[in-house]
Amino acid sequence: MGRAFVYVIVGGGVAAGYAALEFTRKGVSDGELCIISDEPVAPYERPALSKGFLLPEDPTRLPSFHTCVGANDEILTPKWYKEHGIELVLGTRVKSVDARRLTLVTSTGETITYNFLIIATGARALKLEEFGVEGSDAENVCYLRDLSDADRLATVIQSSSNGNAVVIGGGYIGMECAASLVINKINVTMVLAGAHCMARLFTPKIATFYEDYYMGKGVKFIKGTVLTSFEFDSDKKLPADLVVVGIGIRPNISLFEGQLTIEKGGIKVNSQMQSSESSVYAIGDVATFPVKLYGEMRRLEHVDFARKSARHAVSAIMEPEKTGEFDYLPCFYSRFFAFSWQFYGDHVGEVVHFGEYEDGEVFGAYWVKEGHLVGCFLEGGTKEQYETISKATQLKPAVTDMEELEREGLGFTQTVVSQQVVTEVKDVLSSEIVRQTSRVVSLVTVEKPLHVWHAVTGVVVAASVTAFAFWYGRRRRRW
C-alpha cells in the first residue's frame, strides 16, 4: 500500500508550516503536497511554548499559535490544510528514506513516493543521560522542545507553586523558562556550565545586566558548574520540586546519514537549500548552508532562519528561474519579563558597547572585525530601530574610530542607513535623467525646434523631480 505526491515535507515544526504557506502562494495544486509529522498536531510556533504557554493567567493555547502567526500572517489550522488540499499525516514517524529512489516508509508501513522532498525534521533536546547523568524519567524533570513537553511542564508548574525550581542551562530555554517560573511564583536557581548566561552570544557586560535583573526577581545563579546526579558537590545539594533542563539540541538527521552530505552537524545544502541529492532540500535546524556575511558554511538554530529558509526552498523548487541565492542575514532574538532584544550578523571581533545599561533604557553593542561592522545587538529598540541595525549590519560599513563608534551609539547605524538611502536616490535620479535626456535628444533629432535646448533643460529638471517623488513614495510604503 502506498501513495505518491509531488512534494513531501518530513517534519511538522515551524519550518514545515511556513513552507506549506509558501507552496500555496506559488500555486501548488490539491493533492500535490504532503506533510508527515510525528506530532499529533499541525505545525505551530515553538517559541510560544516557553513564553505565553506557561503563563499562570490566560495561557496561550492552540489554535492561537499555529504557524504562521509568528510572522503576523495566516493561522494555518487543520481546517486550512484541508481547504488547500494539503495532506497532513500526523502522529506518524518516518522509519526510512531512500533518497535515490525518491521513496520513504512510515511507521505505519506505508510507502510514499515523491518528486521533491523537504527535510524539516528540526532537532531534539539533549538529554542528561547523554552526559552521564541519570534522572530524566523522574516526574518533575522536564525538557521543553515540543507541545507534549510544554503540557508536562505546565502541569508540574501548577503543582509546584511557591516551591523550588532548578533550571539547568542558561541559553534561550533556560532564560525564558526561568522568567516564566518566576511569574508563576516559583523560587528559581539557575545552574550554568559557563561563566554567564547566553554564553554563545552575550558579552559579560550584556549578561551581567540581565543576570542582575533576574537576581532582583529572586533568581539565584550557580556558575561554572556541571551537574552530576543532581548533586554539585558531596556537601552541596539543591532542593527541587521541579527541574527544567535546557542544555542544547541535536539536529534530527539520522535518517539521511550515508545518503546525503553532512557538514558541521547538519545536512549540507547550497544557496537554494538543495542537498547533494537534487530532489532533496533541507531547511531550519538541520541545514548547513552558505552564509554570505560569514563567507563560510554554518548551521543556525533559530526560528527566524527556519521561517526564511522554508520560504526560499519552496521558491527554489517551484520557481527556480526566478529564485536567486539565499542571502540570509543571521538574526537571533528573545523576550523575557519586559525585555526584548535582537541581534543581527556575527558575534566575532572587537566589541563596543553603547547606551545606558539600565532597566527601561535602549542599549546595545557592536562587533567589529577587520575594520568593518559585522554584528549588532540591541535591547529595547523600536521596530524602526531594529530594522535600521539589520540594514546597517547587512552593509558591513567601515569603522575607523572605535571610540567614536561608542560615542555615536545607535546613531552610527542610523547614519549608515541614511547615507545608503542618499546613494540610492542618486542612482535612481541618474538613471532617470539619462533615460529622459536620451528621449529628448531623440525628439530633437526628429523635429529640431529652435527652443530645443530649453526643452531639454526643462525635461531634465522635471525628470529629476519625478524620479525623486517616485522613489520617495516607494520608500514611504515600505517603511
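Look up: the structure comes first, before these words.
Before going into details, it helps to say that this report is about the structure given with it. (Residues numbered from 1 in each chain as written. Predicted model: local features only at pLDDT ≥ 70, side-chain atom pairs only at ≥ 80, totals over all residues. Heavy atoms only, no water.)

## Examining helix 3 (residues 147-158)
Here's step 1: Relative to the 16 Å expected for 12 residues at 1.5 Å per residue, helix 3 spans 17 Å between its end C-alpha atoms, a close match to the ideal helical length.
Here's step 2: Its buried side turned inward, helix 3 meets strand 8 (141-142), helix 4 (172-183) and strand 12 (242-245). (Helix = DSSP H or I, 4+ residues; strand = E, 2+ residues; numbered from the N terminus. Expected span 1.5 Å × (residues − 1). Contact = heavy atoms within 4.5 Å.)

## Brief notes about the sheet that holds strand 8
Here's step 1: Strand order in this open sheet of five strands is 8-12-9-10-11, and the pairing throughout is parallel. The sheet is open, and its two borders are formed by strand 8 and strand 11 (220-222), each paired with just one other strand.
Here's step 2: As judged from the two bridges shared by strand 8 and strand 12, these two strands associate in the parallel manner. Bridge pairing links Val 141 to Val 243 in strand 12. (Pairing = 2+ DSSP bridges.)

## Digging into the side chain of Thr 121
Here's step 1: With respect to the element layout, Thr 121 can be found in the loop between strand 6 (111-119) and strand 7 (123-125).
Here's step 2: Among the polar contacts listed, one links the side chain of Thr 121 to the backbone oxygen of Asn 252, at a separation of 2.7 Å.
Here's step 3: Those residues in contact with Thr 121 that lie beyond four places of it in its chain are Val 10, Gly 11, Asn 252 and Val 286. (Polar contact = N/O pair within 3.5 Å; in protein donor to acceptor, adjacent residues only side chain to side chain.)

## Considering the pattern of salt bridges
Here's step 1: Overall, the coordinates contain 23 salt bridges when judged by the stated rule.
Here's step 2: Here Lys 26 and Glu 319 are joined by a salt bridge, their closest N and O atoms 3.0 Å apart. Of this pair, Lys 26 sits in the loop between helix 1 (14-25) and strand 2 (33-36) while Glu 319 sits in the loop between helix 6 (303-318) and strand 19 (331-336); the two residues are 293 residues apart in sequence, bridging distant segments of the chain.
Here's step 3: Linking Asp 98 and Arg 101 is a salt bridge whose minimum nitrogen-to-oxygen distance equals 3.9 Å.
Here's step 4: Overall, Asp 98 belongs to the partly exposed group, its relative accessible area being 28%.
Here's step 5: Owing to a relative accessible area of 67%, Arg 101 belongs among the exposed residues under this scheme. (Salt bridge = Lys/Arg side-chain N within 4 Å of Asp/Glu carboxyl O. Buried < 20%, exposed > 50% of the residue type's maximum accessible area, 1.4 Å probe, protein only.)

## Re helix 4
Here's step 1: Under the 1.5 Å per step criterion, the end-to-end length of helix 4 is 17 Å for 12 residues, consistent within 8% with the ideal 16 Å.
Here's step 2: Among the 12 residues in helix 4, nine count as buried, and that is most of the element.
Here's step 3: Every buried residue of helix 4 is accounted for by Gly 174, Met 175, Glu 176, Cys 177, Ala 178, Ala 179, Ser 180, Leu 181 and Val 182.
Here's step 4: Contacts from the buried residues of helix 4 go to helix 3, strand 9 (164-168), strand 10 (187-191), helix 5 (204-216), strand 12 and strand 19.
Here's step 5: Just downstream of helix 4 lies Lys 185, where phi reads positive at about 60°.

## Re the pairing of strand 18 (residues 296-299)
Here's step 1: The pairing of strand 17 (residues 287-291) with strand 18 spans four bridges and is classified as antiparallel. Bridge pairing in strand 18 places Thr 288 opposite Arg 299.
Here's step 2: Where strand 17 folds back on strand 18, the antiparallel hairpin that results is connected by four residues, among which Gly 295 adopts a positive phi of roughly 70°.

## Structural notes on unusual backbone geometry
Here's step 1: Residue Pro 63 is reached from Leu 62 by a cis peptide bond, and omega for that bond is 15°.
Here's step 2: With an omega of 15°, the peptide bond between Thr 67 and Cys 68 qualifies as cis.
Here's step 3: In this model, Asn 162 sits at a positive phi of 65°, which is unusual for a non-glycine residue.
Here's step 4: Structurally, the position occupied by Asn 162 is in the loop between helix 3 and strand 9.
Here's step 5: Taking the relative accessible area as the measure of exposure, Asn 162 reaches 59% and is therefore exposed.
Here's step 6: Positive phi values are uncommon outside glycine, yet Met 273 reaches one of about 65°.
Here's step 7: When you line up the elements, Met 273 lands in the loop between strand 15 (266-268) and strand 16 (280-282).

## Some points on the packing of aromatic side chains
Here's step 1: Tallying each qualifying case throughout the model produces 33 aromatic pairs.
Here's step 2: Seen in terms of ring centroids, Tyr 214 and Phe 336 are 5.7 Å apart; in terms of plane orientation they differ by 75°. Their pairing is edge-to-face. Here Tyr 214 is found in helix 5, whereas its partner Phe 336 is found in strand 19, with 122 residues between them in sequence. The two residues Tyr 214 and Phe 336 agree in class, both being buried.
Here's step 3: Sitting over the face of the ring of Tyr 357, Lys 205 holds its NZ or CZ atom 4.7 Å from the ring centroid. (Phe/Tyr/Trp six-rings, centres within 6.5 Å; stacked < 30°, edge-to-face > 60°. Lys NZ or Arg CZ within 6 Å of the ring centre and 35° of its normal.)

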